[in-house]
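Summary of structural features
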Amino acid sequence: MIENFWYDYEEEKKIIRFIEKLNLDKGKKGQKIKLLDFQKKILCDLLCWKNPDGTRKHREGFVFLPRKNGKSFLIACIFVYSLYCDDEYGAEYIIAANSRDQAGHLFDTVKNMIETNPTLRKYCRIVDSRKKIIRKATNSFLQVISSDASKADGYNGYIVCQDETHEAPNDELYSKLKTSMGTRMQPLMLTITTASNGTNEANLEYRTYLYAKKVQSGEVKDDTFYSAIYEAEDNCDLVDESQWYRSNPALGVFRNFDELKSLAYRAKEIPSEEAKFRRLYLNQHVRLSNEQAINPYKWELCGKNFDFEMLKGKKCWAGLDLATTTDIVAFVMVFPIDDKFYIVPHLFKPSGTLLDHEKLDRTPYSSWSKQNWNGIPLLHATEGDYVSFRYVRQIINECGKEYKIQEIAFDRLGSQGIVSDLTEDGFIVVDFGQGYRSMSPAIKHFEELMFDKKIQHGNHPIMNWMAGNVIATEDAAGNVKYDKGKAKYRIDGIIAMLMGVSRAFTNLQYGNLGENINDETLDELGW
């Protein structure tokens, strides 16, 4: 209950008095720090709320601010104050980021605060070459560490900060540092960041943001967790000044108002710059223009769950994307029923690559491999380091017994073996090129169906993730394709879906192509 916690007003006075004796690291030389109200609130909320026994209430803090609002400065204040004013013996202050240079910026701010204060400078030793500050009186130190999580063992963190978590490749470093604090009576784990694109719930920033929102709303009770979230309202007007101030608490002080105004009006006039302005300066979770080939809002509207039983015995057209045998193989069936196109994916990945690729793609493959979606595996994890085509063939044959598979479209590259097997099994297989000529009409059909809410993907988590990964490229003639080479993460399921949608759409529109084929039809289909 809230009455069990108390606010230490004496500590508040001590914090503000201590910090405002320090010098700024930027601006006029020798200028003293003058804390703004929002800075005082964050610092004192984190450090002054206490448990009944006098230890700090908060054990984790999430600071969510857009660019140029002094995130690193706030954390530097906490490090310097605690290093000199906490009585924790043997305290370890850890700074981590996605690169040593990035962490070095925060270290330099801390170092400047100490070096420009004669009193503080006398009571510590700064080792620049090792990015380390040692305070002998308490046997404590502050240390910048590598972003390599494998080298993060052996620490016993007291106050730890991981910077710019929206860029973190995974949560391994965060987890190691957080668990290192287990023996401390009042540890503090801090993450500071701007917004990610908000499409990957496994992303460390976005995951923590969603948790913070649940704590703020009361959906989750966690008195040890603190968050300071500064963001504009969704879909706000780009030139609404109240939203600039809402998301940029330092605006008009050290965050330049005229610069932000210029950027806002530029983004208003140049649509391609809007997403960038919203993410970097309004701190909204939006994808940049080159990250959103599939409209996320329209895709989400097509995510209603549907009854799988109604699909049994129905006609479907499928796409088979084999990628490489060490990555994801996708077999996606498309069922056109009553002007809707229902999507049922089977996705395969070798179990031997799950953990390595989980780190590489920042994606929970292991967890997905243990889950089901409407009674089928969310991700088929085949034994070994390669996808077993024998197993893929088995699943396709099982589907063939339950559904009326009319055609299986495939990419000829790397498909010869399994295509021959499927032909032997009695399936009709159709070569589907992956270039602009074939893919552009397929994308056009898919987008028309999606915008009319005729695509029904059932909110499949992996397909949702892949849809967010898609990047489109365009040739000189204006033809478009979803480019695997440009996509940062996997899109195999989407490519297989496109092939299935295209074949289903084509056969419904033109009937049996063998009976209705002509040059005009072939041109329209991109053949």
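Below is a summary of the structure that appears in this document.

Cut-offs applied
- Residues numbered from 1 in each chain as written.
- Predicted model: local features only at pLDDT ≥ 70, side-chain atom pairs only at ≥ 80, totals over all residues.
- Heavy atoms only, no water.
- Helix = DSSP H or I, 4+ residues; strand = E, 2+ residues; numbered from the N terminus.
- Buried < 20%, exposed > 50% of the residue type's maximum accessible area, 1.4 Å probe, protein only.
- Contact = heavy atoms within 4.5 Å.
- Areas by Shrake-Rupley, 256 points an atom, 1.4 Å probe, with all protein chains shown as cover.
- Salt bridge = Lys/Arg side-chain N within 4 Å of Asp/Glu carboxyl O.
- Arc of directions from axis to C-beta.
- Polar contact = N/O pair within 3.5 Å; in protein donor to acceptor, adjacent residues only side chain to side chain.
- Pairing = 2+ DSSP bridges.
- Axes fitted to C-alpha atoms, helices over the stretch in contact; angles between N-to-C directions.
- Parallel < 35°, antiparallel > 145°, perpendicular 65-115°, else oblique.
- Core = buried A, V, L, I, M, F, W, Y, C linked by side-chain atoms within 4.5 Å.
- Disulfide = S-S within 2.5 Å.

**Digging into the overall build of the protein**
When helices and strands are counted, the protein shows 20 helices and 21 strands. Considering only C-alpha atoms, the protein reaches an extent of 90 × 50 × 45 Å along its principal axes. When each of the 527 residues of the protein is scored for burial, the buried share is 53%. Relative to all contacts within the protein whose residues are 6 or more apart in sequence, the contacts with residues 24 or more apart total 68%. By element, 47% of the accessible surface of the protein is carried by carbon and sulfur atoms, the whole surface being about 24,400 Å².

**Quick look at the pattern of salt bridges**
Applying the stated criterion across every chain yields a total of 28 salt bridges. Between Glu233 and Arg246 there is a salt bridge; the shortest N-O distance is 3.6 Å. Here Arg246 lies in helix H8 (residues 241-247) and Glu233 lies in the loop between strand S10 (225-229) and H8, a separation of 13 residues in the sequence. In this structure Glu233 comes out as partly exposed when scored by relative accessible area, which is 40%. Taking relative accessible area as the criterion, Arg246 reaches 43% and is therefore assigned partly exposed. In this structure, Arg255 engages Glu259 in a salt bridge whose closest nitrogen and oxygen atoms are separated by 2.6 Å. Classification of Glu259 by relative accessible area gives partly exposed; the value is 34%. Sharing partners across several salt bridges, the network here consists of Asp321, Lys484, Arg490 and Asp492.

**Side note on helix H6 (residues 172-179)**
Where H6 is concerned, the buried positions are Leu173, Tyr174 and Leu177. Along the long axis of H6, the arc covered by the buried residues comes to 100 degrees, so they all point the same way. In this fold, the buried residues of H6 make contact with strand S3 (60-64), strand S4 (92-96), strand S8 (159-163), strand S9 (188-193) and helix H7 (204-217).

**Digging into unusual backbone geometry**
Excluding glycine, most residues fall at negative phi; most peptide bonds, likewise, are trans. The residue Asp339 is not glycine, and still its phi comes out positive at about 65 degrees. By secondary structure assignment, the location of Asp339 is in the loop between strand S12 (329-337) and strand S13 (340-350). We classify Asp339 as partly exposed; its relative accessible area is 47%. Here the phi dihedral of Lys453 falls at roughly 60 degrees; this positive angle occurs in a residue that is not glycine. Assignment of secondary structure puts Lys453 in the loop between helix H16 (436-451) and strand S19 (455-456).

**Let's talk about the side chain of Glu231**
By secondary structure assignment, the location of Glu231 is in the loop between S10 and H8. A distance of 2.9 Å separates the side chain of Glu231 from the side chain of Tyr209, its partner in a polar contact. Those residues in contact with Glu231, other than ones at most four positions away along the chain, are Phe64, Tyr209, Lys213, Arg246, Ser247, Leu282 and Asn283.

**Some points on the sheet that holds S3**
Strands sit in the order S5-S6-S7-S4-S8-S9-S3-S10 across an open sheet of 8 strands; the sheet is mixed. The strands lining the two open edges of the sheet, one partner per strand, are strand S5 (125-127) and S10. Pairs of neighbouring strands in the sheet enclose a mean axial angle of 10 degrees, with direction left out of account. Pairing of S5 with strand S6 (residues 132-135) involves 3 bridges; the strand directions are antiparallel.

**Quick look at the packing of helix H1 (residues 9-19) against helix H3 (residues 71-85)**
Describing two packed helices takes the angle between their axes plus the distance from one axis to the other. The interhelical angle for the contact between H1 and H3, taken along N-to-C directions, is 110 degrees, at an axis separation of 11 Å. One way to sum up the angle between H1 and H3 is to call them roughly perpendicular. On H3, the residues that touch Glu11, Lys14, Ile15, Phe18 and Ile19 of H1 are Cys77, Val80, Tyr81, Tyr84 and Cys85.

**A word on the pairing of strand S11 (residues 315-321)**
When you tally the buried positions in S11, you get 6 out of 7 residues, the bulk of the element. For S11 and strand S17 (residues 404-410), the ladder comprises 6 bridges, and the chain directions are parallel. Bridge pairing in S17 links Ala318 to Ile408.

**Let's talk about the environment of Tyr489**
Note on placement: Tyr489 falls in the loop between strand S21 (480-482) and helix H18 (492-510). Given a relative accessible area of 14%, Tyr489 falls into the buried group. Put simply, Tyr489 and Asp361 are 128 residues apart on the chain and 6.2 Å apart in space, counted from C-alpha to C-alpha. Apart from the residues lying within four places of it in its own chain, the contact partners of Tyr489 are Leu360, Asp361, Arg362, Trp465 and Asn469.

**Things to note about helix H10 (residues 274-281)**
In terms of residue burial, H10 counts as a mostly covered element, since 6 of its 8 residues are buried. Listing the buried residues of H10 in full gives Ala275, Phe277, Arg278, Arg279, Leu280 and Tyr281. Of the surrounding elements, those touching the buried residues of H10 are H8 and helix H9 (257-269). Downstream of H10 by a residue or two, Asn283 has a phi angle that is positive, lying close to 60 degrees.

**Topic: the side chain of Arg56**
Along the polypeptide, Arg56 turns up in the loop between strand S2 (49-50) and S3. The buried category is assigned to Arg56, whose relative accessible area is 5%. Among the polar contacts made by the side chain of Arg56, one reaches the side chain of Asp86 at a distance of 3.1 Å. Ignoring sequence-local partners within four residues, the contact set of Arg56 consists of Leu46, Leu47, Trp49, Lys50, Asn51, Asp86, Tyr158, Ile159 and Gln186.

**Regarding the nonpolar core**
The tendency in soluble globular proteins is for nonpolar side chains to be buried side by side. Grouped together as the largest cluster of nonpolar side chains are 74 residues, with contacts concentrated most on Leu320, Phe331, Met333, Phe446, Tyr482 and Ile494. It is H18 that provides the largest number of residues to this core, a total of 9 residues. Phe18, Ile78, Phe79 and Ile133 belong to the second largest nonpolar core, which has 54 residues in total.

**Remarks on the state of the cysteines**
Here the structure, examined in full by the defined rule, presents 0 disulfides. With no disulfide partner, Cys44 has as its closest neighbouring cysteine sulfur the one in Cys48, 4.2 Å distant. Relative accessible area serves as the criterion here: at 3%, Cys44 is assigned to the buried category. The thiol sulfur of Cys124 is not disulfide-bonded, and the nearest other cysteine sulfur, from Cys85, lies at 13 Å. The exposure class of Cys124 is buried, given its relative accessible area of 14%.

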